[in-house]
Amino acid sequence: MTMKERSSPTYVSKYSDNLLHRPRRNRKLAALSDLVQETRLHPSDLVAPLFVLEDENAKEPINSMPGIYRLGIKPLIKEVKDLYQLGVRAVDLFALVPNERKTPYGDEALRENNLICRSVAALKEEMPDIAVMVDIALDPYTDHGHDGVIDSSGYVLNDETISILCQMSLLAAKAGCDIVSPSDMMDGRVEAIRRCLDESGYQTVGILSYAAKYCSSFYGPFRDALQSAPKFGDKKSYQMNPANVIEAIREAHLDMQEGADMLLVKPALPYLDVLAKIKEEIPLPVGAYHVSGEYAMVMAADEKGWLDADKVLYESLLSIKRAGADFILTYAAKKICQML
Ligand code: PBG
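Quantities reported herein were computed from a predicted structural model and do not represent experimental measurements. Residue indices begin from 1 for each chain and proceed along its sequence in written order. Local features in this predicted model are restricted to residues whose pLDDT is 70 or higher, and side-chain atom pairs enter the listing and the counts only when it is 80 or higher, whereas totals over whole chains, interfaces and linings include all residues. As a rule here, side-chain values come from all non-hydrogen atoms in the structure, and water together with hydrogens is ignored.

## Quick word on the overall build of the protein chain
- Along the backbone of the protein chain there are 13 helices and 10 strands.
- When its C-alpha atoms are laid out on the principal axes, the protein chain stretches across 80 × 45 × 40 Å.
- Excluding contacts between residues fewer than 6 apart, the proportion of contacts in the protein chain whose partners are at least 24 apart in sequence is 74%.
- With an accessible surface of roughly 16500 Å², the protein chain has 52% of that area assigned to carbon and sulfur atoms.
- Neither His nor the chain ends contribute to the count of charged residues, in which Lys and Arg are positive and Asp and Glu negative. The location of each charge is read from NZ of Lys, CZ of Arg, CG of Asp or CD of Glu. Placing the 39 positive and 49 negative side-chain charges of the protein chain at their respective mean positions leaves the two points 10 Å apart. Numbering goes from the N terminus for both helices and strands, where a helix is a DSSP run of H or I of at least four residues and a strand is a run of E of at least two. Contacts: residue pairs with any heavy atoms within 4.5 Å of one another. Computed with the Shrake-Rupley method and a 1.4 Å probe, the accessible areas treat only the protein chains shown as cover for residues.

Here is the structure:
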C-alpha cells in the first residue's frame, strides 16, 4: 500500500469507525490522564543520602556527582532543613574518613563521638522529626576499602565483621539515630544487630537491611565521594552476582526472619525485576537505592545537553516506584522536590 492510499479518507473510515477500544481517550486532556495516573511520586517517598566530613563549615563538591556535596555539620543541618521544607523527612548519613584514620579493622567506626555520632546528635537535636538513618558498613573506615575485616588472603571474614557492625550500630543508636542500615552483605548480621540493640535497650531503633545488594559497577561516584574504593580485588565474595534473582529472594526472606523492619534493593533501575519480585513475596516495606552511578550518568548527559536531567530523573524515580518501591534513596531528592 502506498503512503497516499494509506492516508486516504477511505482507509481511515474503513478501519477506524468500528474501533471499540481507544485507550487514547483517557489521555486526551491532562485533567483526564492525571485522573487515571496509577503511580505518584511524593517527597515523603524519598530518602536523601548525605555525605558528611570533619571540617564543620566545609561544603565540598563531588566531581562525579554534580549538585552533591560533602558537608560539614553546619551546612549539613542547613541542607536537612532545606530538604524538610521541600517535604523530604528522611536522610541517610555516610562519613568521609580522613585517610590517616583508616585502619585494617576500621577502628574509627567504633570511636565514641566520631563524625557520624556527632552528625546524628546534631541533626536530632535541631530536627527531632527527621528520620535519621546511618549506613552500617566498614568500607569508609578500613584502609583496604572492604566492608569488613580481612584475613591474610584478603577474604572478608563474616562473623568477625558482624561483631564490629553490632558495635557500630549500638554507637549510632546511642547517638540517637532512628534506623541503622547495614549495607555490608555479611550473613546473619541483621539478627546479630537486632539482638545487640535490644539487649542494650534500643528496641525502638529500626533496621533497614540491604537485602539484595549487587556487586555493581554503578557505585563508582560514591566511592569517589568517600575515597572508599577497595584497594585490592572486588566485592564479589559478599555482594551479589547481578545475574541472580532467586538468591535475592532468599536474602530477603532471611533478613525478614532475622528481624529487619524494611528491606532495600540496590542499585535500582537495572534491578526493577528484583524489586518487583521481592515486593510481591515479602510482607515488609521495600525500598530501592537509586545509586550514585545512576544519578551521575544522567547528570553527565545533561551537562552535554544530551538529556534533560530533571525529566529523566523524575521518570527514573517514578519507574522505581511503579515497580514496587515503597521508598527511594536518591541523590536527586532535592532536585525532584524542587520540581514537583
Ligand atoms: C558501602 C556502600 C556503598 C554504597 C552504599 N553503601 C558502596 C559499595 O558497596 O562499594 C553505594 C551507594 C551509591 O553508589 O550511591 N557499603
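## Structural notes on the packing of helix H6 (residues 158-175) against helix H7 (residues 189-199)
- Fitted lines through C-alpha atoms serve as axes, helices being fitted only where they are in contact, and the angles separating the N-to-C directions of these axes extend from 0 to 180 degrees. At a minimum axis separation of 9 Å, H6 and H7 run at an interaxial angle of 45°. Taken together, the axes of H6 and H7 are oblique relative to one another. Here H6 and H7 pass one another in a crossing that is right-handed. Two secondary-structure elements touch here, H6 through Ile162, Leu165, Cys166, Ser169, Leu170 and Ala173 and H7 through Arg189, Ala192, Ile193, Cys196 and Leu197.
- Taken together, the residues that form the contact of H6 with H7 break down as nine nonpolar, one polar and one charged. To sort the angles, those under 35 degrees are grouped as roughly parallel, those over 145 as roughly antiparallel, those from 65 to 115 as roughly perpendicular, and the leftovers as oblique. Two helices cross in a left-handed way if the nearer one is turned anticlockwise from the farther one by less than a right angle. They cross in a right-handed way if the turn is clockwise. For this classification, Asp, Glu, Lys and Arg are treated as charged, while Ala, Val, Leu, Ile, Met, Phe, Trp, Tyr, Cys and Pro are nonpolar and the rest, including Gly, are polar.

## Quick notes on the pattern of salt bridges
- A carboxyl oxygen of Asp or Glu within 4 Å of a side-chain nitrogen of Lys or Arg is what we treat as a salt bridge. Scanning the entire structure with this criterion turns up 23 salt bridges.
- Close ionic contact of Asp234 with Lys236 constitutes a salt bridge, the shortest N to O distance being 4.0 Å.
- In this structure, Lys279 and Asp326 form a salt bridge, with 2.8 Å as the shortest nitrogen-oxygen distance. Remark: Asp326 occurs in the loop between helix H12 (309-322) and strand S10 (327-330) and Lys279 occurs in helix H10 (residues 272-281); sequence separation between them is 47 residues.
- When salt bridges that share partners are traced, they join Glu54, Arg101, Glu108, Arg111 and Arg118 into one network.

## Section: the site of the ligand
- Each residue is tested against the molecule or strand, and it is near if at least one of its non-hydrogen atoms lies within 4 Å. In the vicinity of the ligand there are 18 residues, among which Lys213, Lys235, Lys266, Ser292 and Tyr331 approach most closely.
- In protein, a polar contact requires one atom able to donate a hydrogen and another able to accept it; more generally it is a pair of N or O atoms within 3.5 Å, and residues adjacent in sequence count only if both atoms are side-chain atoms. At a separation of 2.8 Å, a nitrogen atom of the ligand approaches a polar side-chain atom of Asp147.
- Here a nitrogen atom of the ligand and a side-chain polar atom of Ser183 are 2.9 Å apart.
- Against a free-state accessible area of 400 Å², the protein chains account for coverage of 100% of the ligand.
- Here the shell around the ligand is built from residues that sort into eight nonpolar, three polar and seven charged.

## Overview of H7
- Of all the residues in H7, the buried ones are Arg189, Val190, Ile193, Arg194, Cys196 and Leu197.
- Looking at the buried side of H7, the elements it contacts are H6, strand S6 (179-182), strand S7 (206-213) and helix H9 (246-257). Type-normalised accessible area, obtained with a 1.4 Å probe on protein chains alone, sets the label of each residue: buried when under 20%, exposed when over 50%, and partly exposed for intermediate values.

## Focus: the side chain of Thr161
- Position of Thr161 relative to the elements: it lies in helix H6.
- With a relative accessible area of 0%, Thr161 lands in the buried category.
- A polar side-chain atom of Thr161 sits 2.4 Å from the main-chain carbonyl oxygen of Leu157.
- Apart from the residues within four sequence positions on either side, Thr161 is in contact with Leu138, Asp147, Gly148, Val149, Val156 and Met186.

## Side note on the pairing of S6
- Burial along S6 is two-sided: Ile179 and Ser181 and Val180 and Pro182, pointing in opposite directions, are all buried.
- Here strand S5 (residues 131-136) runs beside S6; their pairing, made up of four bridges, is parallel. Looking across to S6, one finds that Val134 is bridged to Val180.
- A clockwise course of the path from the first strand over the helix to the second, judged with the strands pointing away from the viewer, identifies a crossover as right-handed. In this fold, S5 hands off to H6, which returns the chain to S6; that crossover is right-handed.
- As a crossover connection, the stretch from S6 through H7 into S7 is right-handed. Strand pairing is defined by DSSP finding a minimum of two bridges between the two strands.

## Some points on the nonpolar core
- Phe51, Val91, Leu93 and Ile278 are the most contacted members of the largest nonpolar core, which totals 111 residues.
- Looking at which element gives the most residues to this core, the answer is H6, with 10 residues.
- The residues touching Phe51, leaving out its near neighbours within four places in the chain, are Ile62, Met65, Ile68, Tyr69, Arg70, Leu71, Phe94, Phe222, Ala225, Leu226 and Tyr331. As used here, the term nonpolar core means buried Ala, Val, Leu, Ile, Met, Phe, Trp, Tyr and Cys residues forming a set that is joined through side-chain atoms within 4.5 Å.

## Overview of the packing of aromatic side chains
- Ring geometry is summarised as follows: Phe, Tyr and Trp rings, the Trp one being its six-membered ring, pair when their centres sit within 6.5 Å, and such pairs are stacked at plane angles under 30 degrees, edge-to-face over 60 and tilted between the two. Evaluated as defined, the whole model comprises eight aromatic pairs.
- Between Phe51 and Tyr331, the ring centres sit 5.9 Å apart and the planes meet at 10°, which makes this aromatic pair stacked. In this pair, Phe51 is assigned in strand S1 (residues 46-52) and Tyr331 in the loop between S10 and helix H13 (333-339), connecting sequence segments 280 residues apart. The pair formed by Phe51 and Tyr331 is uniform in burial state, with each residue classed as buried.
- Pairing Phe94 with Phe222 gives two aromatic rings, centres 5.1 Å apart and planes at 85°, and the pair type is edge-to-face. Of this pair, Phe94 sits in strand S4 (residues 90-95) while Phe222 sits in helix H8 (residues 220-226), and the two are 128 residues apart along the sequence. Each member of the pair, Phe94 as well as Phe222, carries the same accessibility label: buried.
- Every member of this aromatic cluster is reached through a ring pair, and the members are Phe51, Phe94, Tyr210, Phe222, Tyr289, Tyr295 and Tyr331.
- We call a charge positioned over a ring when the NZ of a Lys or the CZ of an Arg lies within 6 Å of the ring centre and within 35 degrees of the ring normal. Over the face of the ring belonging to Tyr69 we find Lys59, whose NZ or CZ atom lies 4.6 Å from the ring centre.
- Lys213 extends its terminal NZ or CZ atom over the ring of Tyr219, reaching a point 5.5 Å from the ring centre.

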